[in-house]
Amino acid sequence: MTRRAVGVAYAVQGLCFAALLTQVPVLQDKFDFSDGALTLLLLAVPVVAGLGSVLAGFFAERFGSAVVLRIAQPLVCLSVLGAGAVGDRPLLYGVLAVFGLSVGAVDATMNMQGVSLERRYGRAILASFYAVWSAAGIVGALSSSANEHWHQALWVGFGVVAVLGIAASAVTGRRLIRRDAERALAVDPTAVPAVPWRPIVLIGIGVALMYVADSATSNWSAEYLRRGLSSPAEFAAWGYAVYQACMVLGRLGADQAARRWGPVTAVRAGVAVGVLGLAVVVAAPDTAVAIVGFGILGFGLSVVVPQSFSAAGQYDPAGTGLAIARVNLFNYVGFLVGAPLVGAAEQLTTWRVGFAVPLVLVAAIIPLATAFRPARRQSASAVPVGE
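The shown structure was predicted, so the numbers you read here are calculated from the model rather than taken from an experiment.

1. Some points on helix H5 (residues 89–121)
Working step 1: Taking 1.5 Å of rise per residue, 33 residues should cover 48 Å, and H5 covers 47 Å from first to last C-alpha, within 8% of that figure.
Working step 2: Capping the start of H5, Asp-88 holds a side-chain oxygen 3.1 Å from the backbone nitrogen of Leu-91, two or three residues further along.
Working step 3: Directly beyond the C-terminal end of H5, a positive phi value near 75 degrees is found at Gly-122.

See the structure below:
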């Protein structure tokens, strides 16, 4: 039951995130944002999410990640509904601020739950939760496509997503791992709470580079297909949907691949496939080929994030969750850089050049993959929690 509850947290997050992000073109048209204004808006959300992740680390260390998660996840759902219901820009800005703050808190705490459960099982299982996240992302993207196909108001589709998310969270939330159990599952509950900076930063840079490509896909794939390749509106969400579908396929086998070949080899191989996928996206002559490229990208990058949080968890023997919260910050660094960078490149040149930028950056993960090697001992450069 606990594994199911943790899986539901990942599913609700993936559902809400995809439902909102694949409707970016609709929001742009509704509120008459220029490409430049939209880029600035997409820049602000991950900044707020980073703050949410920091606060989650602070409160989870004191009250447990389950408490923070059960508060933050319904706020994600309600803010998605709010984005479809509000009618003017100031209200939209407020709703998106709540969305960013709560998304950051959920991202951090659901991974704290996942790593704690991985310790209980004694083997890699985190990728299976990300497979659930991606599967739910497909549902969210397809719900956007259906909403457009049936010409429903934006709040209707978002409302369905919000109700499903809140209901699922309420039913399963009491089964999450509580604070005392998190402490008991720690590598060394009696250890001085400390987090070594060097490996966390190296892992985090890899995460940031991966999320440059992920943010380019989630924020701009619909725009690329719709405006760059002249796709019909109902097909605009398919790039992200196929990306997530192939993420599911990759993550179903990612845990086994990491156990068999080791995380370093698994990450390097996955990134190489991801680079190939981006190359297909950049060179795509039409919508169908671009969608295939997004699928290859998703399959390749599927291994990076689960392995990053598994690696981070090893550097937190006391089980405080702080290492995971810090690595999670790099998620938003990637979004902070990726979405605006691709948007700016598109304004100055073309969509193809825009997507060539993450292609180059993602390739840099390959030499960084050594940071994902299992830790043998804690670094001497560790600093006390809170400093």
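Once the structure has been displayed, the description carries forward.
2. Let's talk about the confidence of the model for the chain
Working step 1: On average, residues of the chain carry a pLDDT of 87, and 94% of them reach 70 or more.
Working step 2: Across the chain, the element-wise mean pLDDT spans from 37 in strand E2 (residues 382–384) up to 97 in helix H4 (residues 65–85).

3. Overview of unusual backbone geometry
Working step 1: Phi at Asp-32 takes a positive value of approximately 55 degrees, unusual for a residue other than glycine.
Working step 2: Structurally, the position occupied by Asp-32 is in the loop between helix H2 (24–31) and helix H3 (35–63).
Working step 3: Phi at His-151 is positive, roughly 55 degrees, even though this residue is not glycine.
Working step 4: With respect to the element layout, His-151 can be found in the loop between helix H6 (126–149) and helix H7 (154–172).

4. Description of the environment of Ala-131
Working step 1: Within the secondary structure, Ala-131 sits in helix H6.
Working step 2: Expressed as a C-alpha distance, the spacing of Ala-131 and Leu-297, which sit 166 residues apart in the sequence, is 15 Å.
Working step 3: Here Ala-131 is in contact with Val-248, Arg-251 and Leu-252, once residues within four sequence places are set aside.

5. With respect to the environment of Tyr-211
Working step 1: Relative to the helices and strands, Tyr-211 is located in helix H9 (residues 197–228).
Working step 2: Spatially, the C-alpha atom of Tyr-211 lies 9.7 Å from that of Val-304, the residues being 93 residues apart in sequence.
Working step 3: Setting aside anything within four residues of it in sequence, one finds Tyr-211 in contact with Val-305, Asn-331, Gly-334 and Phe-335.

6. Here we look at the state of the cysteines
Working step 1: Evaluation of the coordinates by the stated rule reveals zero disulfides.
Working step 2: No disulfide involves Cys-16; its sulfur sits 3.8 Å from that of Cys-77, the nearest cysteine.
Working step 3: Classification of Cys-16 by relative accessible area gives buried; the value is 0%.
Working step 4: Overall, Cys-77 belongs to the buried group, its relative accessible area being 0%.

7. Side note on empty space enclosed by the protein
Working step 1: All told, the structure shown has three cavities of 30 Å³ or more when counted by the stated rule.
Working step 2: Here the largest cavity is characterised by a volume of approximately 460 Å³.
Working step 3: For the largest cavity, the lining is made up of 39 residues, of which Phe-17, Leu-21, Val-45, Phe-99 and Phe-335 are closest to its centre.
Working step 4: Of the residues in the lining of the largest cavity, the class split is 27 nonpolar, nine polar and three charged.

8. Some details on the pattern of salt bridges
Working step 1: What the rule picks out here adds up to five salt bridges.
Working step 2: Between Arg-227 and Asp-29 there is a salt bridge whose closest N-O contact spans 3.4 Å. Note that Arg-227 is positioned in helix H9 and Asp-29 in helix H2, a separation of 198 residues in sequence.
Working step 3: Given the relative accessible area of 37%, Arg-227 is considered partly exposed.

9. Quick look at the nonpolar core
The nonpolar side chains of a soluble globular protein tend to be buried, and buried together.
Working step 1: Ranked by internal contacts, the top residues of the largest apolar core, which has 118 residues, are Leu-20, Met-210, Tyr-224 and Phe-355.
Working step 2: Looking at this core, the element that brings in the most residues is helix H1 (residues 2–21), giving 13 residues.
Working step 3: Contact partners of Met-210, with chain neighbours within four places excluded, come to Tyr-243, Met-247, Leu-301, Val-304, Val-305 and Ile-365.

10. Some thoughts on the environment of Thr-109
Working step 1: Here Thr-109 is to be found in helix H5.
Working step 2: Take Thr-109: its relative accessible area is 0%, and that puts it in the buried class.
Working step 3: One polar contact links the side chain of Thr-109 to the main-chain carbonyl oxygen of Ala-105, over a distance of 2.8 Å.

Cut-off values and rules
Residues numbered from 1 in each chain as written. Predicted model: local features only at pLDDT ≥ 70, side-chain atom pairs only at ≥ 80, totals over all residues. Heavy atoms only, no water. Helix = DSSP H or I, 4+ residues; strand = E, 2+ residues; numbered from the N terminus. Expected span 1.5 Å × (residues − 1). Polar contact = N/O pair within 3.5 Å; in protein donor to acceptor, adjacent residues only side chain to side chain. pLDDT = per-residue confidence, 0-100. Contact = heavy atoms within 4.5 Å. Disulfide = S-S within 2.5 Å. Buried < 20%, exposed > 50% of the residue type's maximum accessible area, 1.4 Å probe, protein only. 1 Å grid on protein atoms, 1.4 Å probe; cavity = no way out; pocket = protein on both sides within 12 Å on 5 of 7 lines; lining within 4 Å. Points joined across faces, edges and corners; volume = space filled by probe spheres on them. Nonpolar A, V, L, I, M, F, W, Y, C, P; charged D, E, K, R; others polar. Salt bridge = Lys/Arg side-chain N within 4 Å of Asp/Glu carboxyl O. Core = buried A, V, L, I, M, F, W, Y, C linked by side-chain atoms within 4.5 Å.

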